[in-house]
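The lines below spell out each chain.
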Amino acid sequence: MGEASTRQKLGYEDFPFRSKLSFVPLINHWKKKIGGGDAGEMVLARSILKRLDKALEFLAPIENYDDLRQHEDLTELMLAGIFPSASRDYQLGMATKPFDPQGFYLTPTFRRQLAKEKMSFYLNRDIQIVQSATVIRACCMILNQFYGQQLRLAEPVVISVRWGGAALERHYKAELNTNFVEIKKLKPLRSISRADINHLISNISDVDLWLQHIPPTHFEFHGLVIANLVDVTADESLSRLKRMLLDRDAVVEPKSIVRLEEQLRNYFRLPDLRLGLSAIDYPADHSGLKHYKIRHSLLTKKINKLFSNKSRGSIYEEACIRRMPVVVEDLKRLPVQTRLERNLMKSGLRSVLVVPLYKKDRSVIGLLELGSAQPYVLNSFSINQMRDIIPLFRTALRRSRQEIDNEIEAIIRDHYTAIHPSMEWRFIGASFRLMELRQKVGEEEAVIEPIVFRELYPLYGQADIVGSSTIRNNAIQADFLENLELVLEVLHLTRERINFPLADNFLETVQEEINYLRSGIATDVEFRTLDFIKNDVHPLFDQIRGRDATINEALDRYFAELDPMMKTIYRQRRSYEESVAIINDTVSDFLEFEELRTQQMLPHYFAKKKTDGVEYEIYIGQSILQRGKFSEVHLSNLRLWQLIAMCEITRKLHALKPKLPIPLETAQLILVHNTPLSIRFRLDEKQFDVDGDYNIRYALLKKRIDKALIDGRSERLTQVGKVAIVYANEREYIEYSKYLKYLLKKGYISEDIENLKLGKMQGVRGLKAIRITVLIQT
């Protein structure tokens, strides 16, 4: 490589200051040693100075390096104390004139290395930054010498070197010793204030600014610089690994894995080292569905699953169980081999290191693998070398998994809604497949797959507040009647105290509204009365306020009676709504608590809705299970649980009744449906609904049965203190009769068991019911 090219690559091209090779600073160093050095230095100093008497050219700047050839022995002697003989056998060192890459002296090791192999190199920084830093370094040396500063010079540059055709790079830190450099002042010093220096320090990248204050024509550098290349391959490889692993796709894209593998080869000094990295979940759960994109295992092309019955006892399983790195110095000598170890050897590997990457809770989120074709090159010492590397890969893997999780959650938010944990795995799988499809065909073309669960058995139940519509209407009526009576009092007082004809007219209108309310509650009465009070009566009161002190007091009393938010009397309605809320919360909390327990029987879908009471539905079947097997025993178990739960709800609400602002009561109902059906997630409504024409009948039943009457009677099926079980065929009756015998035995219900036929409903006929009376505990 030519000198010009070397100057350019090292940042010395267009260096503005002049420099000359001078041995004077070094000679002065040895002169001091004659009277102040140790015995060895004194002997060396005397010898050097004696020889200098015959080589006076060393006392002047040396323009041509060729002039040194006739004094090579003296040159080496003067540098002997700078490059001690004990270190020259391995030291890569050189001496140069200031700010020049061409060495006039190389240590023996450096000379032999360059003679044997071609040296190609590059710096670890942008060349423009290096050039700027070189100029600023020179300026700082001037400020330190002539302006009394103590500025810290730039950190050493790391040079990456490849010797000959070597597969591995070596990284060297260029440590520069400038103790033998003198700066010659060519012109009078310019005045540089403290403010100027502070301004320069604040702009260390602005080379032009620095050169304005420190002109290159005013100074010249004389002397020599000692440069040592210190091998920092391990530290630099580790530093580069850290930077690479900060990239967003550091452990996702295959090309990133190749770059990481190259740095690990340099770090371990193993040119054939192979890197593997996989996202896993150990112990396994549903999240494994979404991380297969981070699959760069050493076995990816040969094995689909690292954990299966065929690979029990593998080194991968051992690493996960122990949560510790596992190293195999020679796979051929491994006494027990699973198909994983055999496939590693087929891949040409002999020594392997497997490292589990785990979270704080010790759950394993990934596996890091290193492999080599050479036995014993990976060993227990390799584990120690990995101590600083493992956290880097763990952090990068966790970050990439989190980014995938976030993208999947975004898809779920956009296309779905809050989903039940039992079904989460299915939504995650669909979201992940959409994410990958977007990468292949683009976001516009990618369409999410339908979410359908087939062959599910439904269980439906409700705890309905009896007579809720009538009770609520009565509360509305009572509140508005009280409100209008108070309005009448204000209007009568107004007629007595002031002349305001419109108030007289309103007396008749208000009385008509009161008579209308007393006649019953029509569908529009709530809106109509509320509108009349807010938009007719209250504006009138605003007009008469301030006309009479007594009227003002009456108006104050009136508005004090109103609800501050509703601006009307809101007593009975609040009591009703509070009572409904207490009932709903009681039922809902009980079902949520029980739901946690029933999920342990077998995962299933559960959803509930609060209205005037609580209705809920459960779906159970094989298609909902990510793992495990469904049987009708699970269905029977859940049906019995539902009956017991409805009895418990009946008891809880009976005990709650005296504590309610309005003593509301509920009736419980269960719908039996013995034919499996399918449910589909509706993207437009973001909820599940039954799928298929036949299954629509089930949805229709749910809407109709709470209003069902006993055939031939006007009696409602649902009654206070009872649980009604609606069914369609004899098989269902026989099954539930068995459950009722158990409830009788356990004291949940009385012997008053009614077998009923339901009257015809719109679109529904032929239904029957069992109605049971719950025994209330005292």
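Up top is the structure these notes are about.
Residues numbered from 1 in each chain as written. Predicted model: local features only at pLDDT ≥ 70, side-chain atom pairs only at ≥ 80, totals over all residues. Heavy atoms only, no water.

Engineer: Whenever I open this one, the environment of Phe219 confuses me. Can you help?
Structural biologist: Within the secondary structure, Phe219 is located in strand 8 (residues 219-223). Of the residues examined, Phe219 reaches a relative accessible area of 3% and is grouped as buried. Along the primary structure Phe219 and Arg704 are separated by 485 residues, whereas in three dimensions their C-alpha atoms are 100 Å apart. Among residues more than four places away in sequence, those in contact with Phe219 are Phe17, Ile142, Phe146, Ile183, Lys184, Lys185, Leu186, Leu189 and Ile214. (Helix = DSSP H or I, 4+ residues; strand = E, 2+ residues; numbered from the N terminus. Buried < 20%, exposed > 50% of the residue type's maximum accessible area, 1.4 Å probe, protein only. Contact = heavy atoms within 4.5 Å.)

Engineer: What should I look at first to understand the side chain of Ser160 in this one?
Structural biologist: With respect to the element layout, Ser160 can be found in strand 5 (residues 158-163). A relative accessible area of 1% means that Ser160 is categorised as buried. Side chain to side chain, Ser160 and His171 meet in a polar contact 2.9 Å long. In this structure the side chain of Ser160 is engaged in a polar contact, spanning 2.6 Å, whose partner is the side chain of Arg240. (Polar contact = N/O pair within 3.5 Å; in protein donor to acceptor, adjacent residues only side chain to side chain.)

Engineer: Just checking my understanding: could you explain a negative patch on the surface for this structure?
Structural biologist: A cluster of acidic side chains, namely Glu407, Glu443, Glu444 and Glu445, defines a negative patch on the protein surface. Relative to the assigned elements, Glu407 resides in helix 15 (residues 390-415). (Patch = residues over 30% accessible without salt bridge, like charges linked within 9 Å, V, L, I, M, F, W, Y side chains within 5 Å. Areas by Shrake-Rupley, 256 points an atom, 1.4 Å probe, with all protein chains shown as cover. Salt bridge = Lys/Arg side-chain N within 4 Å of Asp/Glu carboxyl O. Lys, Arg positive; Asp, Glu negative; His and termini not counted. Charge placed at Lys NZ, Arg CZ, Asp CG, Glu CD.)

Engineer: Got a minute to help me understand the sheet that holds strand 1 (residues 18-21) in this structure?
Structural biologist: Strand pairs in the sheet, formed through backbone hydrogen bonds, run parallel or antiparallel to each other. Read from one edge of the open sheet, three strands run 1-8-7, paired in mixed fashion. Strands at the two margins of the open sheet, each flanked by one partner only, are strand 1 and strand 7 (181-185). The sheet shows a mean angle of 25 degrees between the axes of neighbouring strands, direction not considered. By the bridge criterion, five bridges tie strand 7 to strand 8 in an arrangement that is antiparallel. When the bridges of strand 8 are listed, Ile183 appears paired with Phe221. Against the sheet, helix 7 (residues 127-146) touches strand 7 and strand 8, its axis set at about 75 degrees to strand 7. (Pairing = 2+ DSSP bridges. Axes fitted to C-alpha atoms, helices over the stretch in contact; angles between N-to-C directions.)

Engineer: When you look at the packing of aromatic side chains in this model, what are you seeing that I'm missing?
Structural biologist: The way to describe two aromatic rings as a pair is by their centre distance and the angle between their planes. For the coordinates displayed, the defined rule picks out 20 aromatic pairs. Relative to Phe58, the ring of Phe23 has its centre 4.9 Å away and its plane inclined at 85 degrees; by these criteria the two rings are edge-to-face. In this pair, Phe23 is assigned in the loop between strand 1 and helix 2 (24-36) and Phe58 in the loop between helix 3 (39-52) and helix 4 (72-80), connecting sequence segments 35 residues apart. Residue Phe23 shares its accessibility class with Phe58, and that shared class is buried. Judged by centre distance (5.3 Å) and plane angle (85 degrees), the rings of Phe541 and Tyr558 are edge-to-face. Taken as a pair, Phe541 in helix 19 (residues 525-544) and Tyr558 in helix 20 (residues 549-561) lie far apart in primary sequence, 17 residues in all. Note on accessibility: Phe541 and Tyr558 belong to one class, buried. Positioned over the ring face of Tyr358 is Arg362, at 4.7 Å from the centre of the ring. (Phe/Tyr/Trp six-rings, centres within 6.5 Å; stacked < 30°, edge-to-face > 60°. Lys NZ or Arg CZ within 6 Å of the ring centre and 35° of its normal.)

Engineer: What should I look at first to understand the sheet that holds strand 4 (residues 119-123) in this one?
Structural biologist: Sheet architecture is open: six strands sit in the order 3-2-9-6-5-4, paired in antiparallel fashion. Sheet topology places strand 3 (103-106) and strand 4 at the edges, where each strand pairs with a single neighbour. Averaged over all pairs of adjacent strands, the angle between strand axes in this sheet comes to 30 degrees, irrespective of strand direction. Pairing geometry for strand 2 (residues 92-96) and strand 9 (residues 225-231), over five bridges, is antiparallel. Of the residues in strand 9, the one forming a bridge with Thr96 is Val225. Running over the sheet, helix 10 (residues 233-245) touches strand 4, strand 5, strand 6 (170-177) and strand 9 and is turned about 115 degrees from strand 6.

Engineer: Hey, could you run me through the pairing of strand 13 (residues 351-358) in this one?
Structural biologist: Looking along a regular strand, one sees side chains alternate from face to face of the sheet. Counting buried positions along strand 13 yields seven of eight residues, so the element is predominantly enclosed. Pairing geometry for strand 12 (residues 326-328) and strand 13, over three bridges, is antiparallel. Bridged to Val326 within strand 13 is Val354. The pairing of strand 13 with strand 14 (residues 364-372) spans eight bridges and is antiparallel. In the strand pairing of strand 14, Tyr358 is matched with Val364. Once strand 13 ends, the chain turns through five residues before running back antiparallel as strand 14, passing Arg362 with a positive phi of about 75 degrees.

Engineer: What is the right way to look at the environment of Asp73 in this model?
Structural biologist: Residue placement: Asp73 occurs in helix 4. As for Asp73 and Arg51, which are separated by 22 residues in sequence, their C-alpha atoms are 9.9 Å apart.

Engineer: Before we go on, may I ask you to explain the nonpolar core in this structure?
Structural biologist: In globular proteins that are soluble, nonpolar side chains generally tend to be buried together. Phe453, Tyr619, Ile679, Phe688, Leu717, Val726 and Leu743 are the most contacted members of the largest nonpolar core, which totals 81 residues. Take this core: its biggest share by element is twelve residues, from helix 22 (residues 632-656). Counting residues in hydrophobic clusters, the runner-up holds 37 residues, among them Leu260, Phe393, Ala396 and Leu397. (Core = buried A, V, L, I, M, F, W, Y, C linked by side-chain atoms within 4.5 Å.)

Engineer: Would you explain the environment of Thr107 in this entry?
Structural biologist: Note that Thr107 resides in the loop between strand 3 and helix 6 (108-116). Since its relative accessible area comes to 0%, Thr107 is described here as buried. Each C-alpha atom of the pair Thr107 and Phe453 lies 77 Å from the other, and the pair is 346 residues apart in sequence. Look past the residues within four positions of Thr107 in its chain and what remains in contact with it is Phe83, Arg88, Gln91, Leu92 and Gly93.

Everything listed is a geometric property; what it means functionally is a separate question.
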